[in-house]
Amino acid sequence: MILNFQRNLRNQRQKKVKIVQPFTLLIKPSGSDCNLDCKYCFYKHRAPEIGRGRQRMSDEVLEKLVKDYMQLRFPLAGFAWQGGEPTLMGIDFYKKVVELQKKYGSPGQEVGNSLQTNAILLDGDWCQFLHDTNFLVGISIDGPKEMHDYYRLDNSGSGTFDKVMRALENCKKYKVEFNTLTLLNNRNADHPDQLFDFLIDNGVKFLQFIPCVELDPATGKVTDFSITPAQYGDFLCRLFDRWYEYGPTKLSIRDFDSILSYYVTGKHTICTFDNQCSQYIVIEHTGDAFTCDFFVEPKWRLGNIFETPIEKLAASSKKRKFARAKQNLCNKCLVCRHLAICRGGCMKDRAPFDRDNFGKESYFCESYKRFFDYTIPRFTHIAAEINPALPHKRQ
């Protein structure tokens, strides 16, 4: 059973490697720069101080980043390259990444590279490189053409579906290990069966769905492309039915894997439902470090890798304060029957209307309550089949 989105983190757990205060890196080498113009992009609603336009990580920042992180000697060094659009850096940048990882790594040290991309640049050369260097690739796709092309447009206003599908076929041809990421918006969230069938028909075995909720800074109200709690609850329940019928051992859905992991091991594999936020830090193209991908804003800047050692940034008081803030639960959460498995959800969804108040209930509270009520008996059944020695229900 696949229990985690990231292949290398899964391998780490299987080997039972013990690491003192581990953390991984989520790196944005091209910052918020992108070759698409998606209306729902969360960078459109972030602080302008973070940067706009062309942004590129310098060779100096890259070498400092890789050297300092690899020399921490973690048995598994995890690099997640995101954006914006990270392929704008070009293949040569990532060839240099691999060279530096080899240069500064130690014998027996494993390296995991993942690349989250809109995929429109993934031609044969890219895919040959990604295969040869064992990158795990996440491809953003919002469903069939009519769904995907509604929001995911290039800078000329043209749809990108055909280019993404060519990239997906290239990944298959060159045997690149890939997952898909689908942003649930007001256009596709009402069609779980169509989304599920589309992805399965295209040979996708590792799926991730992220609910979109953003505020219009001009009105302070939820944007029209966001989904409602009712939509998300309905989507999750129907998606679970399809996953359960298809066969949970044959298909990985990131959120479901985490819940199943909780029932088998007592631990989640994603921070959405965990006790505190994930042990990673975000590194921007300048070397600035932040607490979380959804909170790349001045308040949560940890420092810069040229000013403070990277391990101190990850263990800083501000990072610890942010991680612990997830435990600031509202009264409704404290008396909820699903508290142990939900833990209040992602902090981003607790504070869409107030970025400083993490103690509110999640925007998706009712979504999760409905979903857990509907699915927990079957989750526990699957967990018991994986490990018959488990008690009937984990509290």
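Reference entry: report on the structure contained in this document. Everything quoted here is computed from the prediction, not taken from an experiment.

**Quick notes on the overall build of the protein chain**
If you tally the helices and strands in the protein chain, you get 15 helices and 10 strands. Burial statistics for the protein chain: of 395 residues in total, 57% are counted as buried. Long-range contacts, defined as pairs at least 24 residues apart, comprise 71% of the intrachain contacts of the protein chain with a sequence gap of at least 6.

**With respect to the sheet that holds strand β1 (residues 24-28)**
With mixed pairing, the 10 strands of this open sheet are ordered in space as β7-β6-β5-β4-β3-β2-β1-β8-β9-β10. Each having just a single partner strand, β7 (252-253) and β10 (301-304) make up the two edges of the open sheet. Bridge count for β1 against strand β2 (residues 76-81) is 3 bridges, and the pairing is parallel. Across the sheet, residue L25 finds its bridge partner in β2, namely F79.

**A word on the side chain of D33**
Note that D33 resides in the loop between β1 and α2 (59-70). Only 2.7 Å separates the side chain of D33 from the side chain of R56, close enough to count as a polar contact.

**Points about the pattern of salt bridges**
Counted according to the given criterion, the structure contains 22 salt bridges. The partner of E169 in a salt bridge is K172, and the shortest N-O contact between them spans 3.4 Å. Here E169 and its partner K172 are both found in helix α6 (residues 161-173), 3 residues apart, which amounts to about one turn of the helix. Looking at E169, the relative accessible area reads 39%, which means it is partly exposed. By relative accessible area, K172 is classed as partly exposed at 32%. Measuring nitrogen to oxygen at the nearest pair gives 3.0 Å for the salt bridge that ties R378 to D241. In this pair, R378 sits in helix α15 (residues 365-386) while D241 sits in helix α8 (residues 229-246), placing the two residues 137 residues apart along the sequence. One network of salt bridges, in which partners are shared, links D193, D197, R238, D241, R242 and R378.

**Considerations on the packing of aromatic side chains**
Going through the model one piece at a time under the given rule, you end up with 42 aromatic pairs. Measuring from centroid to centroid gives 6.2 Å for Y151 and F225, while their planes differ by 75°, and the two rings are edge-to-face. Of this pair, Y151 sits in helix α5 (residues 145-151) while F225 sits in the loop between β6 (206-211) and α8; the two residues are 74 residues apart in sequence, bridging distant segments of the chain. Pair check on accessibility: Y151 and F225 agree, each one buried. Ring pairing ties together the aromatic residues Y232, F240, W243, Y244, F256, F273, Y363, F364, Y368, F371, F372 and F379, which thus form one cluster. Directly above the ring of Y280 sits K319, whose terminal nitrogen or CZ lies 5.6 Å from the centroid. For the cation-ring pair, K348 lies above F294, with the distance from its terminal atom to the ring centre recorded as 5.0 Å.

**Notes on unusual backbone geometry**
Note that the residue after G83, namely G84, is joined by a cis bond; omega there is 15°. Here G84 is to be found in the loop between β2 and α3 (91-104). Even without a glycine there, the phi angle at R73 is positive, about 65°. Along the chain, the position of R73 falls in the loop between α2 and β2. Residue classification places R73 among the partly exposed residues on the basis of a relative accessible area of 42%. Of note, R343 is a non-glycine position whose phi angle comes to about 55°, a positive value. Looking at the secondary structure, you find R343 in the loop between α13 (339-342) and α14 (347-350).

**Examining the nonpolar core**
Counting 98 residues, the largest nonpolar core has L25, W81 and Y94 as its most contacted members. Those residues in contact with L25 that lie beyond four places of it in its chain are L65, Y69, G78, F79, A80, I281, I283 and I310. Counting 13 residues, the second-largest nonpolar core is a separate cluster that includes V282, C292, F295 and A325.

**Topic: empty space enclosed by the protein**
A complete count under the given rule lists 4 cavities of 30 Å³ or more for this structure. Here the largest cavity defines a volume of roughly 130 Å³. Lining the largest cavity are 14 residues, and of these C333, C336, C342, G344 and C365 lie nearest its centre. When contributions to the lining of the largest cavity are tallied by element, the ones reaching two or more residues are α12 (331-334), α13 and α15. If one sorts the elements of the lining of the largest cavity by residue count, α15 sits on top with 4 residues. Residue composition of the lining of the largest cavity, by class: 7 nonpolar, 3 polar and 4 charged.

Thresholds applied
- Residues numbered from 1 in each chain as written.
- Predicted model: local features only at pLDDT ≥ 70, side-chain atom pairs only at ≥ 80, totals over all residues.
- Heavy atoms only, no water.
- Helix = DSSP H or I, 4+ residues; strand = E, 2+ residues; numbered from the N terminus.
- Buried < 20%, exposed > 50% of the residue type's maximum accessible area, 1.4 Å probe, protein only.
- Contact = heavy atoms within 4.5 Å.
- Pairing = 2+ DSSP bridges.
- Polar contact = N/O pair within 3.5 Å; in protein donor to acceptor, adjacent residues only side chain to side chain.
- Salt bridge = Lys/Arg side-chain N within 4 Å of Asp/Glu carboxyl O.
- Phe/Tyr/Trp six-rings, centres within 6.5 Å; stacked < 30°, edge-to-face > 60°.
- Lys NZ or Arg CZ within 6 Å of the ring centre and 35° of its normal.
- Core = buried A, V, L, I, M, F, W, Y, C linked by side-chain atoms within 4.5 Å.
- 1 Å grid on protein atoms, 1.4 Å probe; cavity = no way out; pocket = protein on both sides within 12 Å on 5 of 7 lines; lining within 4 Å.
- Points joined across faces, edges and corners; volume = space filled by probe spheres on them.
- Nonpolar A, V, L, I, M, F, W, Y, C, P; charged D, E, K, R; others polar.

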